Amino acid sequence: MARRPQRWAVLRVFLILGVLLTVVGSARAEFDLLLRGGRVIDGMGNPARFVDVAIKDGRIAAIGRELGAARSLVDVTGLVVAPGFIDVHTHAENIDDLPLAENFARMGVTTLVLGNCGSSAADVGAFFKRIEATNFSVNVSTLVGHGTVRSRVMGGSFMRPPTTEELAKMRTLVDKAMKDGALGLSTGLIYLPGTFSKTDEIIELAKVSSAYGGVYASHMRDEGKGVFDAVDELFRIAREAHLPAHISHIKLSGKPMWGRHDEFLGAIERARAEGLDITQDEYVYTASSTGISQLIPEESREGGRAKFKQRISDPATKAKIVAEMKRKLKDSKRSDYAYAVIASYDADPKLNGLNIVQAAKKKRGYDSLSEQIELILDIESHGGASGVFHGMNEDDLRAFLQHPNTMFASDASVREWQSGVPHPRGYGNNARVLGRYVRELKLIRLEDAVRKMTSLPATTFHLKDRGVLREGAWADVVVFDPAKVGDVATFESPHAYATGFRAVYVNGAQVVDNDSHTRARPGRIVRRAE
């Protein structure tokens, strides 16, 4: 009977020792997470180093060797550790419906810039508040869209300048957006209603962005034969509004313009030499994506779809529209619309994935140019469709890609899995840079590619403590295998996630684990740094 108290005494000693060891271990766990043994690229373009990265409370706590203990230790030997990628040109306003943003997270993107091409939330502050209430996986920031502001004040797509009173109201809306944390002003000058705006109107609104240290980002008026006039307008806006200007998805569209990249980049360099702060972004595919409506003259779409239907119901007016479409096609040295593919058409999903020639044959029984145009007009009449347009040259793409001030951006929304036949850039843009243009073609160094996806966009768009691996910065981190990283999505089968990502962390929380989403939602709103 005397042995029982003795056994309990021994057991209590072991229990006490266990508690003490746990306390000591916790005290020694200086960090939340330690990434050990990786090839670390800081995002600034510096050569990679073989050091460890420690994370604590959502931020980078230390970088070096023998850093100490952590609650979680991850061996990343043989892998690259880099800052999370920043996509400066997205149309991801649908993140409140698809908060995991899986297509972005799974190609290493940890911060999105919304509000591009002149289209944004009308009330930036309310938008931020709404999506903060739901939680989301990656960080979100936004520009304020000129087109959105113009529509809200002027009530439609008007082919006239705003009145003095209307312009004042537009300035007020931009001012409020900037106070709410918008990064700057965006325009979409090939889209309604931006296409009807004059340069002076844009300058006045860009001045509001400038007063807050914001940027001006523009889908310019022309990306084909008129691209040099279009970029001159961008330079003028930057000069007179006194702010940095950013060219959205730089390109030379259409065969007549192919091969003139040196001339285009030369114009940008001359502007920079004159004191203008000009940058650009690019998606690394030779096809663009926008609405099929862009094949139809802007004037015929002024005032909305109801007015458009009225116009094409009048034989004389319709004949003028058709004649203008044929003229533009001829100017681009094309004989048909085979270069334009229907990506998503709600009124008839069976046409998704077909080019206009194929779709005309399927829908109308004939594929003549007249039938193709009839189909395009019919699509617009029945709600419109998104499209993919094959119109760029690979040599131009590569020249833009190698320029030191080119960032990589997807121009994509949050993708709904297996919905439509969208552009593959929404699933693979960043991974394609790393796999095809760095590893396979060796056009740029890995460190330079990472800089273009991290510190360059963070600096340009004033995203504080993002885009770099340094102590105190937010722990947005990607870990990938440089030998395996790549895009899988194709134009024919676009719904395919990028591969080669061992881990992606957003504000210190893991959102991707071995090419799979963890379902975590640690994203934050990122407002313009003061």
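Bear in mind the structure is a predicted one, so any value in this text is a computation, not a measurement. (Residues numbered from 1 in each chain as written. Predicted model: local features only at pLDDT ≥ 70, side-chain atom pairs only at ≥ 80, totals over all residues. Heavy atoms only, no water.)

(A) Structural view of the pattern of salt bridges. Under the definition given, this model contains 37 salt bridges. Put simply, Arg-221 and Glu-233 hold a salt bridge, and the shortest N to O gap is 2.9 Å. Pair noted here: Arg-221 is in the loop between strand E13 (215-219) and helix H7 (227-241) and Glu-233 is in helix H7, with a separation of twelve residues, a long-range link. What you see here is one network of salt bridges that share partners, running through Arg-59, Asp-465 and Arg-470. (Salt bridge = Lys/Arg side-chain N within 4 Å of Asp/Glu carboxyl O. Helix = DSSP H or I, 4+ residues; strand = E, 2+ residues; numbered from the N terminus.)

(B) Local environment of the sheet that holds strand E9 (residues 109-114). Spatially, the three strands line up as an open sheet ordered E8-E9-E10, and their pairing is parallel. Since the sheet does not close on itself, it has two edges, and those belong to strand E8 (85-87) and strand E10 (139-142), each with one partner. In this sheet, neighbouring strand axes are inclined to one another by 20° on average, regardless of whether the strands run parallel or antiparallel. For E8 and E9, the ladder comprises three bridges, and the chain directions are parallel. Residue pairing for E9: Ile-86 is matched across the bridge by Thr-111. (Pairing = 2+ DSSP bridges. Axes fitted to C-alpha atoms, helices over the stretch in contact; angles between N-to-C directions.)

(C) View of the packing of aromatic side chains. On inspection of all chains with the given rule, the structure shows ten aromatic pairs. Consider the rings of Phe-228 and Phe-264, whose centres lie 5.8 Å apart with planes at 75°: the pair is edge-to-face. In this pair, Phe-228 sits in helix H7 while Phe-264 sits in helix H8 (residues 261-273), placing the two residues 36 residues apart along the sequence. Both residues of the pair, Phe-228 and Phe-264, belong to the buried class. Arranged with centres 5.0 Å apart and planes meeting at 10°, the rings of Trp-417 and Tyr-497 form a pair that is stacked. Linking Trp-417 in the loop between strand E19 (406-408) and helix H15 (425-440) with Tyr-497 in the loop between strand E20 (477-480) and strand E21 (501-506), this pair joins segments that are 80 residues apart in sequence. (Phe/Tyr/Trp six-rings, centres within 6.5 Å; stacked < 30°, edge-to-face > 60°. Buried < 20%, exposed > 50% of the residue type's maximum accessible area, 1.4 Å probe, protein only.)

(D) Main features of the pairing of strand E17 (residues 340-344). Burial analysis of E17 places four of its five residues in the buried class, the great majority of the element. Relative to strand E18 (residues 386-390), E17 runs antiparallel, the two sharing four bridges. In the strand pairing of E18, Ile-342 is matched with Gly-387.

(E) Looking closely at the nonpolar core. Ranked by internal contacts, the top residues of the largest apolar core, which has 92 residues, are Phe-264, Ile-278 and Phe-480. No other element matches the nine residues that H7 contributes to this core. Setting aside residues no more than four positions away along its own chain, Ile-278 makes contact with Leu-234, Phe-235, Ala-238, Ala-245, Ile-247, Ile-268, Ala-271, Arg-272 and Asn-405. Among the nonpolar cores identified, the runner-up in size contains 25 residues, and Ile-321, Tyr-339, Ala-340 and Phe-389 belong to it. (Core = buried A, V, L, I, M, F, W, Y, C linked by side-chain atoms within 4.5 Å. Contact = heavy atoms within 4.5 Å.)

(F) Fine view of the sheet that holds strand E4 (residues 52-56). Taken together, the four strands give an open sheet; going across it, the order is E5-E4-E1-E6, and neighbouring strands pair in mixed fashion. Each edge of the open sheet carries a strand with a single partner, namely strand E5 (59-64) and strand E6 (69-75). The average angle at which neighbouring strand axes cross in this sheet is 25°, direction not considered. In the sheet, E4 pairs with E5 via five bridges, with the strands oriented antiparallel. Bridge assignment links Lys-56 to a residue of E5, and that residue is Arg-59.

(G) Summary view of the packing of H7 against H8. Viewed as axis vectors pointing N to C, H7 and H8 meet at an angle of 15°, and their least axial separation amounts to 11 Å. Taken as axis vectors, H7 and H8 run roughly parallel relative to one another. Helix-helix and strand crossings are classified by hand; for H7 and H8 the assignment is right-handed. Facing Val-227, Phe-228, Val-231 and Phe-235 of H7, the residues of H8 in contact are Glu-263, Phe-264, Ala-267, Ile-268 and Ala-271. (Parallel < 35°, antiparallel > 145°, perpendicular 65-115°, else oblique. Left-handed = near helix turned anticlockwise from the far one by under 90°.)

Any link to function would need more than the numbers given here.
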